[in-house]
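# Fold and geometry: a report
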Amino acid sequence: MAILKPLLYILVYPGLIFLLVYSTFCEWFDRKLYARMQNRIGPLHTGRSGILQPVADIIKLFAKEDIVPEKADKHMFSALPVFSLAIVCTAALYLPVWHYSEAPSFNSFSGDLIVLFYLLSLPTLIFFLAGWHSTNFFSAIGGVRVLTMFFGYEIPMLLALLSPAVLADSWRILEIARFYQNRPLLMLVNIIGFFIAVIALQAKLERVPFDIPHAETEIVGGQFTEYSGKKLAFFRLLGDIEMVVGAGLIAAVFMGGFPGGLLPGLAWFILKTLFIIFLLTAMRAALSRIRIDQMINFSWRWLAPLAVLQLFIVIIIKGMEL
Amino acid sequence: MEFKVALGPQHPALHEPISLRMTLEGEIIRDADLKLGYNHRGIEKLAESRTFIQNLYLTERICGICSFSHQTCYTQGVEKLMELVPARRGLYIRTLICELERVHSHLLWLGVAGQEAGFESFFMYTWRDREVVMDILDWITGNRVHYSMNTFGGVRRDIDELQKKKILDTLGLLKTRTEYYLNIGASEPTFANRLAGVGKLSKEKAIALCAVGPTLRASGVPMDVRKDDPYAVYDEIPFEVATADSCDVLGRAVVRVKELLESYKIIEFLLKNLPEGPFKVKAPRKVKENEVYSRYEAPRGENVHYIKSNGSDKPERLKVRAPTLANYAATIAMLKNGFIADIPLIFAAIDPCICCAERLVQLDNPRSGESKVLSFSQLRAMANDRYKKINFKKKDSAWPF
Amino acid sequence: MSIKPGIFLPELLRHLFKKPVTVKYPFEKDPVPKDFRGNVVFDPPKCIGCMICVNDCPAEAIDIIRVSETEKKFKMILHNDRCIHCAQCVDSCPTKTYHMDGEFETAVLNRHQLKIEYK
Ligand code: SF4
Ligand code: SF4
């Protein structure tokens, strides 16, 4: 029994199987919403209203020819997609969705916020390596842009995530979530941080307006230019799962987590992540891609100072409470 | 560190094959060059072996977007050669379709600008509203892309009262939508900041490099064939030439939107003043020996056809200068010292129609890089040689070989 | 003009509750316009064999062949794979032998299937 629960946790819920199913659903939700905002239909034919389209896309990619460029570093080139997928799946385990024990365990301990945050940063590094090891001009430019952008959004995002943690006086996501569940009004204090985190998440996911590293009309597929077949499918899946995990992280830290045990917790998780994905989609639809220098400018001129301001607000409020 | 890269001939930003050779320093372009000739179709040569009537449909197929521009340019040239005065009602209808085509082309461009800048919603909405114009064109000419409306001496189909009313009704919708897009494009910072200050082309340089169309007008030069050398019935129509002084991609967008608004006024004027009478007159089949230079303001700029006749029913020479070709020199100047991220925007801002502009193909030896010049007789001998060697299959032998 | 981030958003959100404009093409078809140039249809008895259409067709898609030595009877072979649907033949024919139908889904896998003979 002692081994069964962690195993279930890792493989079924909220581990691998749930993640795969839910992330493809989220992609469908994102695409459908995006299409409807643009007065289009969106995915339609595979499954009911096209709900299986992301799955079909991935199966199709798996069936396609898998090409490794001659000059590329073969081992790195093939290993990177798998690694990155493994990393984000691991990151998902730290979301406080279902806790079978209150005591600190392998998936919930003091400081797991930082662990989760850095697990989410690793794919960015892998994107850079993927671009660099493809030995393609467009990939290299894409890889460099990935890193440049990383320096822009990472610090504001960390600062933004820091403020709710400071207010809750804990580094454990579960405890932060509990804190805000008990005092829902305090969530409003972090509203600036919430929006900064959503914007930074959009940048992390490399979606419009921050799809600079793989801006199709400029540098073809960016870091993914040389990837095809299975490997590209892994990267696509990675994007979907990263979106779910990122949305879950923001929901857990800023929106009071997912209370109520197994089933209510699941309902809260779906509700809250879908809300954040809705925000991400609306941002994607309403804005245009910006240039890399504009992005860096924006994050250091607006995001970072605002995140610091948020931190100050939190510290002052904390001082008043004490 | 400087390195050389080639964008294209296959690249997502380019809808047709062309190669941009660039010398980059990080994300900045230090030097640029263009390589053409990937889509040479031999249209001019083909035109020499067709009758004037057959060439109507050949010239129409030079371009897909400005099909009517090329056809009208050719038709007007041949009408001058024939010394034929077209029917007045026919001319009005012809001008009407010119303007409708300009509307659909400019709306298309707005969408393309959105797409190149990564503003997909803008692209979707402009193209949705472009369907309104496409439907009008479809409805009055029968088809969406190749209208085939021109014939020597007028047009081939008339417009009835119902069609007239319908076009006038939809103009209001188009006008509000266009104004809305102007507002969006200029107010959305992520989009406007991508366009403003990008691809600078000063007035002097624009003139020196012989830019045409909106590219030239956005540099503050009010040059428009419709005003300077009026054809069809443009001398009777009151309209303004749209210009902008910002000399950048944003200026080119603004010029196009202003032209859209002017076009709606022109269409309204044409429909309200449509004269009665026949819409075409009979044209001769043979053309006297002569030559003509026909100018036309296509949505992309000045379009030129040179036609030479020799007394038979076929032209001796047809030379087409599409507006895109005239803008290439300016494009290279605009690309220099820009960002990689701006390449698609700068290039799209001239509204390139690449295969319309291909009149020549130069074959280099890809390994040694050397190029050869062949005289016409050598080329002919080479072609004859080639064709002797080919074994045609019986089944396909009827045509095209 | 002033700078307003997200100015497009109201329009986008409004359309969430509107019907998409996309036409589900192969399942729903828009009607073709009245002057639509579809396939060429030939009416053999009307033809007088003047060959104007053969000379005017830009794609050389028409063959007119005399079927009997004594009578003025002609058959037409239409190479629909070459036809560019310009309707010049409809305009050129002095006896109005041709008209265009509204058919537009004519794709086949083999171009030779597109040859049509009108007797
Ligand atoms: S429609 Fe045009 S191409 Fe087709 S047969 Fe008639 S004249 Fe020839
Ligand atoms: S133009 Fe008309 S009458 Fe003359 S050959 Fe053709 S079909 Fe027959």
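These remarks concern the structure in this document. (Residues numbered from 1 in each chain as written. Chains lettered and ligands numbered in written order. Predicted model: local features only at pLDDT ≥ 70, side-chain atom pairs only at ≥ 80, totals over all residues. Heavy atoms only, no water.)

### Here we look at helix H10 (residues 229–254) of chain A
All names here are of chain A.
- Taking 1.5 Å per residue, 26 residues should reach 38 Å; H10 reaches 38 Å between its end C-alpha atoms and fits that length.
- Judged by how many residues are buried, H10 sits mostly within the fold: 21 of 26 residues are covered.
- Glycine 256 lies just past H10 and shows a positive phi near 80 degrees. (Helix = DSSP H or I, 4+ residues; strand = E, 2+ residues; numbered from the N terminus. Expected span 1.5 Å × (residues − 1). Buried < 20%, exposed > 50% of the residue type's maximum accessible area, 1.4 Å probe, protein only.)

### Details of the sheet that holds strand S7 (residues 301–309) of chain B
Residues and elements named next belong to chain B.
- The 3 strands lie next to each other as S6-S7-S8, forming an open sheet whose pairing is antiparallel. Both edges of this open sheet fall to strand S6 (290–298) and strand S8 (315–321), since each of them pairs with a single strand only. Averaged over all pairs of adjacent strands, the angle between strand axes in this sheet comes to 15 degrees, irrespective of strand direction.
- Relative to S8, S7 runs antiparallel, the two being bridged by 6 bridges. The residue of S8 that forms the bridge with histidine 305 is valine 320. (Pairing = 2+ DSSP bridges. Axes fitted to C-alpha atoms, helices over the stretch in contact; angles between N-to-C directions.)

### Side note on the packing of helix H5 (residues 120–141) of chain B against helix H6 (residues 161–187) of chain B
All names here are of chain B.
- Where H5 meets H6, the axes come as close as 11 Å, and the angle between the chain directions of the two elements is 165 degrees. Taken together, the axis directions place H5 and H6 in an arrangement best described as roughly antiparallel. Considering the relative orientation of H5 and H6, their crossing is left-handed. Contacts from Phe122, Tyr125, Thr126, Arg128, Asp129, Val132, Val133, Ile136, Trp139 and Ile140 in H5 reach Leu162, Gln163, Lys166, Ile167, Thr170, Leu173, Leu174, Arg177, Tyr181, Ile184 and Gly185 in H6.
- Taken together, the residues that form the contact of H5 with H6 break down as 13 nonpolar, 4 polar and 4 charged. (Parallel < 35°, antiparallel > 145°, perpendicular 65-115°, else oblique. Left-handed = near helix turned anticlockwise from the far one by under 90°. Contact = heavy atoms within 4.5 Å. Nonpolar A, V, L, I, M, F, W, Y, C, P; charged D, E, K, R; others polar.)

### Things to note about a nonpolar patch on the surface
All names here are of chain A.
- A contiguous nonpolar surface patch, about 1,000 Å² in accessible area, is contributed by Ile3, Leu4, Leu7, Leu8, Ile10, Leu11, Val12, Leu16, Ile17, Leu20, Val21 and Phe106.
- Secondary structure elements with two or more residues in the nonpolar patch: helix H1 (4–11) and helix H2 (16–37).
- With 5 residues, H1 is the single largest residue contributor to the nonpolar patch.
- Mapped onto the elements of the fold, isoleucine 10 is located in helix H1.
- Isoleucine 10 sits in the partly exposed class, given a relative accessible area of 35%. (Patch = residues over 30% accessible without salt bridge, like charges linked within 9 Å, V, L, I, M, F, W, Y side chains within 5 Å. Areas by Shrake-Rupley, 256 points an atom, 1.4 Å probe, with all protein chains shown as cover. Salt bridge = Lys/Arg side-chain N within 4 Å of Asp/Glu carboxyl O.)

### Let's talk about the pattern of salt bridges
- Under the definition given, this model contains 56 salt bridges over all chains.
- Close ionic contact of arginine 31 of chain A with glutamate 27 of chain A constitutes a salt bridge, the shortest N to O distance being 3.1 Å. You can see arginine 31 of chain A and its partner glutamate 27 of chain A sitting in helix H2, 4 residues apart, about one turn around the helix.
- Between arginine 89 of chain B and aspartate 158 of chain B there is a salt bridge, with its nearest N and O atoms 2.9 Å apart. One end of the pair, arginine 89 of chain B, is in helix H4 (residues 88–117); the other, aspartate 158 of chain B, is in the loop between strand S5 (154–155) and H6, with 69 residues separating them in the sequence.
- Taking relative accessible area as the criterion, arginine 89 of chain B reaches 7% and is therefore assigned buried.
- Here the salt bridges share partners, and the residues they tie into one network are Arg145, Asp211, Glu218, Arg289, Arg291 and Asp293 of chain A together with Arg194 and Asp342 of chain B.

### Points about the packing of helix H8 (residues 191–204) of chain A against helix H11 (residues 262–286) of chain A
Residue and element names in this part refer to chain A.
- With their axes 10 Å apart at the nearest point, H8 and H11 run at an angle of 65 degrees to one another. Classified by chirality, the crossing of H11 by H8 is right-handed. Counting all contacts with H8, which are made through Phe194, Val198, Ile199, Leu201 and Gln202, the residues of H11 involved are Phe275, Ile276, Leu279, Leu280, Met283 and Arg284.
- In terms of residue class, the contact of H8 with H11 is made up of 9 nonpolar, 1 polar and 1 charged.

### Thoughts on the interface of chain C and chain B
- Listed per partner, the contact involves 32 residues of chain C and 39 residues of chain B.
- Summed over both partners, the interface of chain C with chain B comes to about 3,100 Å²; 50% of that surface belongs to carbon and sulfur atoms.
- Counting across the interface, chain C meets chain B through 5 salt bridges.
- For the salt bridge of glutamate 11 of chain C with arginine 177 of chain B, the shortest nitrogen-to-oxygen distance reads 3.0 Å.
- The interface formed by chain C and chain B contains 17 residue pairs in polar contact (both at pLDDT 80 or more).
- If you list the elements that add at least two residues to the side of chain C that touches chain B, you get helix H1 (9–15), helix H2 (52–56) and helix H3 (88–92) of chain C.
- Class assignment for the residues of the side of chain C that touches chain B results in 16 nonpolar, 6 polar and 10 charged. (Buried area = accessible area lost by both parts, 1.4 Å probe. Polar contact = N/O pair within 3.5 Å; in protein donor to acceptor, adjacent residues only side chain to side chain.)

### Observations concerning the sheet that holds strand S5 (residues 115–118) of chain C
Residue and element names in this part refer to chain C.
- Read from one edge of the open sheet, 3 strands run S2-S3-S5, paired in antiparallel fashion. Either end of the sheet is taken by a strand with one partner, and the two such strands are strand S2 (62–66) and S5. Taking each pair of neighbouring strands and ignoring which way they run, the sheet shows an average axis angle of 15 degrees.
- Bridge count between S2 and strand S3 (residues 74–79): 5 bridges; the pairing is antiparallel. Each residue of the ladder has a partner; that of aspartate 63, found in S3, is isoleucine 77.

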